[in-house]
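# Descriptive structure summary
For reference, the chains in residue letters:
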Amino acid sequence: MTWSLKGTYFESCNCEVACPCLFLSPPSTGECEALVGWHIEQGSDDDVSLDGLNVALAVRSPGHMATTPWTVAVYVDERADEAQNASLMKIFGGQGGGHPARLASHIGEILGARKVPIEFTVDGGRHALKIPGIAAVEIETSSGQGDGPITISGHPLCIAPGFPATVATSTHLSYTDHGFAWDLSEKTAVFSPFAYQGDA
Amino acid sequence: MMRAGDQFRGAEHYLSPGRMALLLGAPVALTIGAWIYLGVMIGDMSTIPGMSSMMMNPQGLNTVQFMGLFLMWSVMMSSMMLPTAAPMIVAYARMQAYDRRRGEGWRAVLAFAGGYILAWGAFSFVAAGLQGTMTELSAMSPMLMKTIWEPLSGVILVVAGVYQFLPLKRVCLKQCQSPTAFLSTRWRDGNRGALSMGWQHGLFCIGCCWALMGLLFVTGVMNTAGIIAIAGYVLIEKIMPGGKWFARSTGICLILAGMWALGAGFVLGT
């Protein structure tokens, strides 16, 4: 089985900038509420093409992210056909090995998986994700020295290893589903390219 | 709509007790095996190759006797340290649990435990050499397997106590204490990667505990009470929050005990 995914991802959470969880510190408010989105630019799983599809996860950890199991809700692009859907579920569910399997090992409970329209837009440093009726997120790059980007690399809790993460701030993060209602702004966010592949 | 949920399951599915038992079966069997073998050796020292002849005639250590010491130390280190490595091995097993398709999860977990044992095997090689040398030099009793020379006990105690304060100890202890930090920053794929990670974890453990293991020379290498006390201490130091304070307090006690032994040694002339 060989699969690989390349694209761009971002996460928008409830911690203050920059998220302490990345460094395995406790979350700012003691718990983590995060929305993570991936846009697959180039992807394949054996002979199934995954180009252009989007995946999003709503993650909640009631305590320290390294030691408390996460509660997760899954959203898969409704444009995915059955084979693509199965591949994405397998990979992001951790069954395909690779880095997603390591991330998935933190998951304690799945609240559900939905096939929904996911609109993922990137405009320079501005990243936005919209799932009608469920989520609306928008983040903007934070300004660093010389008005350049601020980056974090080598962080232990990393969604996209191998790429420095650019630090951003959320314009807004609203999420309503599975009994959660998040409504945040001016909190931490990061984005970067990502590349995952199945362990050979 | 719920079809999307079929293949995406969380911990309650992949980390079922049955699955975890399968993944952890081999390291658990190794640990219990080591305990049993250690018990046999303590119960009857002649089961250790070369041990009877070494006890009779400590001068002139031969290869068989050295191999016997090496075996003894390896089994003892495995018995004592595998339980302390349990949090790390379990965390690694949880990550393997998700890799259902290849089904080689249990082999990787065994390889991880194996790498860990190999590291302590290397330590055992050195410890056996030290014991053999000290016995030959009559600094150590071949019967009780402990130092006969009080100042030497004192030095070992002081070294162990001082080490509790050193930065290297702190760094190694930190690496041992957070499985997530270790696994996210030092991950290597596959069975060979597992072996390598287990070995690395073992090296950190040695970095943390080598001086405490030296205390076995003071209590008597195969002394059951000493073995349990030291292993128990290492485990508590690892899992207790606020470990730095705890490690330093123990360090002070060891230094005081060491100074007492040194003093007593010079006063009593032993």
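Residues numbered from 1 in each chain as written. Chains lettered and ligands numbered in written order. Predicted model: local features only at pLDDT ≥ 70, side-chain atom pairs only at ≥ 80, totals over all residues. Heavy atoms only, no water.

## Quick word on the overall build of chain B
Helix and strand content of chain B: 13 helices and 0 strands. Beginning at the N terminus, the succession of helices and strands in chain B can be written as α-α-α-α-α-α-α-α-α-α-α-α-α. Taken along its principal axes, the extent of the C-alpha atoms in chain B is 85 × 40 × 25 Å. Considering chain B as a whole, with its 270 residues, one finds that 51% of them fall into the buried category. Pairs at least 24 apart in sequence give 78% of the contacts found in chain B among residues at least 6 apart. Of the accessible surface of chain B, which amounts to about 12,300 Å², a share of 71% is contributed by carbon and sulfur atoms. A distance of 9 Å separates the average location of the 18 positive side-chain charges in chain B from that of its 9 negative side-chain charges. (Helix = DSSP H or I, 4+ residues; strand = E, 2+ residues; numbered from the N terminus. Buried < 20%, exposed > 50% of the residue type's maximum accessible area, 1.4 Å probe, protein only. Contact = heavy atoms within 4.5 Å. Areas by Shrake-Rupley, 256 points an atom, 1.4 Å probe, with all protein chains shown as cover. Lys, Arg positive; Asp, Glu negative; His and termini not counted. Charge placed at Lys NZ, Arg CZ, Asp CG, Glu CD.)

## Section: a nonpolar patch on the surface
Taken together, the side chains of Val28, Ile32, Trp35, Ile36, Tyr37 and Val40 of chain B make up a nonpolar region of the molecular surface, amounting to roughly 550 Å² of accessible area. Val28 of chain B sits in the partly exposed class, given a relative accessible area of 44%. (Patch = residues over 30% accessible without salt bridge, like charges linked within 9 Å, V, L, I, M, F, W, Y side chains within 5 Å. Salt bridge = Lys/Arg side-chain N within 4 Å of Asp/Glu carboxyl O.)

## With respect to the confidence of the model for chain B
Of the residues in chain B, 91% have a pLDDT of 70 or more, and the chain-wide mean is 87. Across the interfaces of the predicted complex, the ipTM metric reaches 0.76, alongside a pTM of 0.85. (pLDDT = per-residue confidence, 0-100.)

## Some details on the nonpolar core
One finds Met72, Trp73, Met76, Met80, Trp120, Leu183 and Met213 of chain B to be the most contacted residues of the largest nonpolar core, which totals 80 residues. A per-element tally of this core places helix α6 (residues 105–136) of chain B first, with 12 residues. Discounting residues that sit within four places of it in the chain, Trp120 of chain B has contacts with Met77, Met81, Gly202, Cys205, Ile206, Cys209 and Met213 of chain B. Val48, Val74, Phe92 and Ile159 of chain A belong to the second-largest nonpolar core, a separate cluster that totals 45 residues. (Core = buried A, V, L, I, M, F, W, Y, C linked by side-chain atoms within 4.5 Å.)

## Quick word on empty space enclosed by the protein
Residue and element names in this part refer to chain A. Across all of its chains, the model carries 3 cavities of 30 Å³ or more by this definition. Taken together, 23 residues line the largest cavity, and the ones lying closest to its centre are Val36, Val59, Trp70, Leu103 and Ile159. Of all the secondary-structure elements, those providing two or more residues to the lining of the largest cavity are β1 (3–13), β2 (32–45), β4 (54–61), β5 (70–77) and α2 (98–104). Per-element accounting of the lining of the largest cavity gives the leading share, 4 residues, to β2. The class makeup of the residues in the lining of the largest cavity is 22 nonpolar, no polar and 1 charged. (1 Å grid on protein atoms, 1.4 Å probe; cavity = no way out; pocket = protein on both sides within 12 Å on 5 of 7 lines; lining within 4 Å. Points joined across faces, edges and corners; volume = space filled by probe spheres on them. Nonpolar A, V, L, I, M, F, W, Y, C, P; charged D, E, K, R; others polar.)

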